[in-house]
Every structure is written in C-alpha cells, then in structure tokens.
Amino acid sequence: MSIGVLQTVLPVEPLAPVESLESLIQEAKEGLSFDRTISRRFVHRASVTEVFLTDAVVAGPDRFLVGAQLPRNHALYRPEETGQCDFMLLVETVRQAGIFLSHRYHDVPLGHHFIFKALSLRISDPAALRVGCGPLAAVFDVKVVTPAGARNPRRFDARFDMVIEVGGRECARASAGVVVIDGVRYGRLRQRGRLTETVRPAGQEHGTPAYGTGAGASDDRGVLRPVPAAEARNRPAGTREWRLHVDPAHPGYFEHPSDHVPGMLLLEAFRQAARQTAGGAALTSLDAEFAVFGELAEAVTVEAVRAEDGRVRLSATQGARVLATAVARCA
C-alpha cells in the first residue's frame, strides 16, 4: 500500500505589473531639479555663475543622471550663428559632470588634481539645442567606467560616457577620460615635466605669460594670433598655423589660477582653428587627446589641416612637445 502525500494547492494571486528599469530611469529624469546649482567646489569653479550642474541621482551601478541648466547667453559661451547653444558650453558641462561625479559618488577628496586624458563631443540633433526664450534644461545620462581591481586611494582613473538629452530628445554624446591624483603626486609630475621641457626664450620665467592682454582683439574670446613672420615655418600645402594667445588674467579661460595652460583653452583654440579652416561653420564633433602639460611661459603653436573627408586635424605644440591633438568636423 503506497502512502500518498496530500498537497494543498493555494490559489495564485496575479502578479502586479513590474516597472521596467528604463521606466524608472525616465521617472528619475523627470524628477531632476533645475532650481539651483550644486556647490562650486565640486566642479572646481571660483564663481557660482560658472556652475551649470543642478542635480544628480543614482540610476544603477556606475550609472548616474545629472541635470544641468545651459544659459541662453554667457560671457564666454554665446549662441552659435545657427541659433544652437555654444559647442564649448556643452564641453564645459561634460567636464563639470566628470569632476562632480568623481567627488560626490567615487570618494575623490576635494583638493585632488584632475588630469583629463581625452574629451570628445558629437552633436547628433542640433535642433534640440536651439536657444529659445529660456535656458535649456539638459539631462546627462552618465556611465562611469573604471579599471577592475582594488582602488588606489591616491589615484582614480575613469572614463565618463554620456548621452545628452534636451526636452526628452537625445541630442549629443560625449566621453571624458580622466586621471585624478593627490597633491604630492601632482607636484612631482609637474616638476618632472619642467625638468624635461624645451629651453624657453631668455628672460621668461615660470608663470610669466607668453603674451599680453590682447588689447585690440575684436572678440575677447579669440585665442588665436598670427605667427610672427620671423618665426613662420614652411608648412605643407593646406596647413594653417597660429600662435595661442595666453592671458592668465582672462576671467573666462583662467576663471581660477592655473600653473599650466588650461585644457579648455586648448580646446577653444581647436574649435576656432577648425572653424577658420572649414570656412566658419559651427562644429558638430570634436575628439581630443591630451599628452603633456603646457607651460604658461612658452609659446604654443596651433596647427590645422583639412582632410579630404572634410574633417580638420589639429595639434597644439610647445617647442618639440605635442601638448594635444584633435579631430573636428564642422556642419
């Protein structure tokens, strides 16, 4: 005789619909605040008027949503002739997002030094970036990629991949690679660079600007100057060359004191060189890589060459050293 097991079957209640991850993320995007900016300390700005980030939330493992308000007009960033917001305003906001997320969510102490290795921005929908009757509320959907393994408390390496939306429309994608080190390592790195740099002209010391205030320039944002005739070199056909105007008193490019040529100044030089080479059209993409620090007391040469595919290849050099290179595309 077999013994049976009595099983009581309970009625199964229907499961409530489960919200998808993307619907939760969309809800988080809609909940971002644009009422006030974050603390200027977290984006390394001296003035609150230079802060464009407003809010941030965690959207998953190493995924964050960052809110930003892009002003209609700004002392340094002004609308393009096409009516869309300044390309470099987006670049600066990408830079701020990388710095903020490092401090706020990856425990990077304030006072550490950020060294950007690469930065790129590609606009896919210029119409979404058109400046209207108010500031643009932008959402940066950021994925942070860090090396596997144990963290070094004195060094942080990361790449920030971003999808930028305005009004719910994806309008651009960006990426920023950064290394963050403490003050001791930064001091050693800077000293090592100065020991190996090229010989500077007699009478120029560290920290002395290579050029003056730029009086007479038609645009206070202009950072390119003609190369003095005595220093002009033979260049291949199609190559254009300028001298970078470095003014440590400039309230925008030197918003706070710096012991080297700021990366944003080099990127602005690339933007201006690309536009002049491409006939004045606005940039739609810029992919830049940084190699070494540029010293304030030495002349920097900016070169641009237009390729057959329409892209513009750019470089910034100081003596025999290549400071940065980039590839740009204009509309």
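As a reminder, the structure under discussion sits directly above these lines.
Nothing here was measured: the structure is a model prediction, and the numbers come from that model. (Residues numbered from 1 in each chain as written. Predicted model: local features only at pLDDT ≥ 70, side-chain atom pairs only at ≥ 80, totals over all residues. Heavy atoms only, no water.)

## Thoughts on the pairing of strand E6 (residues 169-181)
A regular strand carries its side chains on alternate faces of the sheet. Counting buried positions along E6 gives 10 out of 13 residues, so the element sits mostly inside the fold. In the sheet, strand E3 (residues 113-123) pairs with E6 via 10 bridges, with the strands oriented antiparallel. Looking across to E6, one finds that Leu119 is bridged to Ala176. Pairing of strand E5 (residues 155-166) with E6 involves 12 bridges; the strand directions are antiparallel. Bridged to Glu165 within E6 is Glu170. Hairpin connection between E5 and E6: a loop of 2 residues separates the two successive antiparallel strands, and Gly167 in this loop has a positive phi of roughly 60°. (Buried < 20%, exposed > 50% of the residue type's maximum accessible area, 1.4 Å probe, protein only. Helix = DSSP H or I, 4+ residues; strand = E, 2+ residues; numbered from the N terminus. Pairing = 2+ DSSP bridges.)

## Observations concerning the packing of aromatic side chains
By the definition in use, this model includes 5 aromatic pairs. Arranged with centres 5.8 Å apart and planes meeting at 90°, the rings of Tyr186 and Phe293 form a pair that is edge-to-face. With Tyr186 in helix H3 (residues 183-196) and Phe293 in the loop between strand E9 (283-290) and strand E10 (301-306), the pair connects residues that are 107 residues apart, well separated along the chain. Feature note: the residues Phe42, Phe64, Phe100 and Tyr105 constitute an aromatic cluster, connected by ring pairs. Above the plane of the ring of Phe42 lies Arg41, whose end atom (NZ or CZ) is 5.2 Å from the centre. (Phe/Tyr/Trp six-rings, centres within 6.5 Å; stacked < 30°, edge-to-face > 60°. Lys NZ or Arg CZ within 6 Å of the ring centre and 35° of its normal.)

## So, the pattern of salt bridges
Opposite charge on two side chains permits pairing when their charged atoms draw close. Overall, the coordinates contain 21 salt bridges when judged by the stated rule. Residue Arg95 is joined to Glu92 by a salt bridge in which the shortest nitrogen-to-oxygen separation is 2.9 Å. Within this pair, Arg95 and its partner Glu92 are both found in helix H2 (residues 87-105), separated by 3 residues, close to a single helical turn. By relative accessible area, which is 11% here, Arg95 ends up buried. Note on Glu92: relative accessible area 2%, which makes it buried. A salt bridge links Arg271 to Glu268, with the shortest nitrogen-to-oxygen separation between them at 3.0 Å. Of this pair, Arg271 and Glu268 both sit in helix H4 (residues 263-277), 3 residues apart, roughly one helical turn. In this pair, the class of Arg271 matches that of Glu268, namely buried. Because the salt bridges share partners, they merge into one network encompassing Glu80, Glu81, Asp86, Arg221, Glu268, Arg271 and Arg275. (Salt bridge = Lys/Arg side-chain N within 4 Å of Asp/Glu carboxyl O.)

## With respect to the state of the cysteines
With the rule as written, the count across this model stands at 0 disulfides. This cysteine, Cys171, is not joined by any disulfide, and Cys85 carries the nearest cysteine sulfur, 7.6 Å off. (Disulfide = S-S within 2.5 Å.)

## As for the nonpolar core
Core analysis: the biggest nonpolar cluster contains 82 residues, and Leu244 and Leu314 have the highest contact counts within it. A per-element tally of this core places H2 first, with 10 residues. (Core = buried A, V, L, I, M, F, W, Y, C linked by side-chain atoms within 4.5 Å.)

## As for the side chain of Ser175
Turning to its location among the elements, Ser175 is positioned in strand E6. Those residues within four positions of Ser175 in sequence are excluded, and the remaining contacts are Ala118, Leu119, Ser120, Arg159, Phe160 and Asp161. (Contact = heavy atoms within 4.5 Å.)

## Structural notes on the packing of H2 against H4
Between H2 and H4, whose axes approach to 11 Å, the crossing angle comes to 155°. With respect to H4, the element H2 is oriented roughly antiparallel. Here H2 and H4 pass one another in a crossing that is right-handed. Residues Phe87, Met88, Val91, Glu92 and Arg95 of H2 touch H4, and the partners they reach there are Met264, Leu267, Glu268 and Arg271. The residue makeup of the contact of H2 with H4, split by class, is 5 nonpolar, no polar and 4 charged. (Axes fitted to C-alpha atoms, helices over the stretch in contact; angles between N-to-C directions. Parallel < 35°, antiparallel > 145°, perpendicular 65-115°, else oblique. Left-handed = near helix turned anticlockwise from the far one by under 90°. Nonpolar A, V, L, I, M, F, W, Y, C, P; charged D, E, K, R; others polar.)

## A word on the sheet that holds strand E1 (residues 53-60)
Pairing is antiparallel across the open sheet formed by 12 strands, whose spatial order is E1-E2-E4-E5-E6-E3-E9-E12-E11-E10-E8-E7. Of all the strands in the sheet, just E1 and strand E7 (224-225) have a single pairing partner and so form its edges. As defined by bridge partners, strand E4 (residues 136-145) adjoins E5 across 8 bridges and the pair is classed as antiparallel. When the sheet's bridge partners are listed, Phe140 is paired in E5 with Ile164. Taken strand by strand, H2 contacts E1, strand E2 (63-70), E3, E4, E5, E6 and E9, and its axis lies near 135° from that of E3. Relative to the sheet, H4 contacts E7, strand E8 (239-244), E9, E10, strand E11 (312-318) and strand E12 (321-330), its axis offset from that of E9 by approximately 135°.

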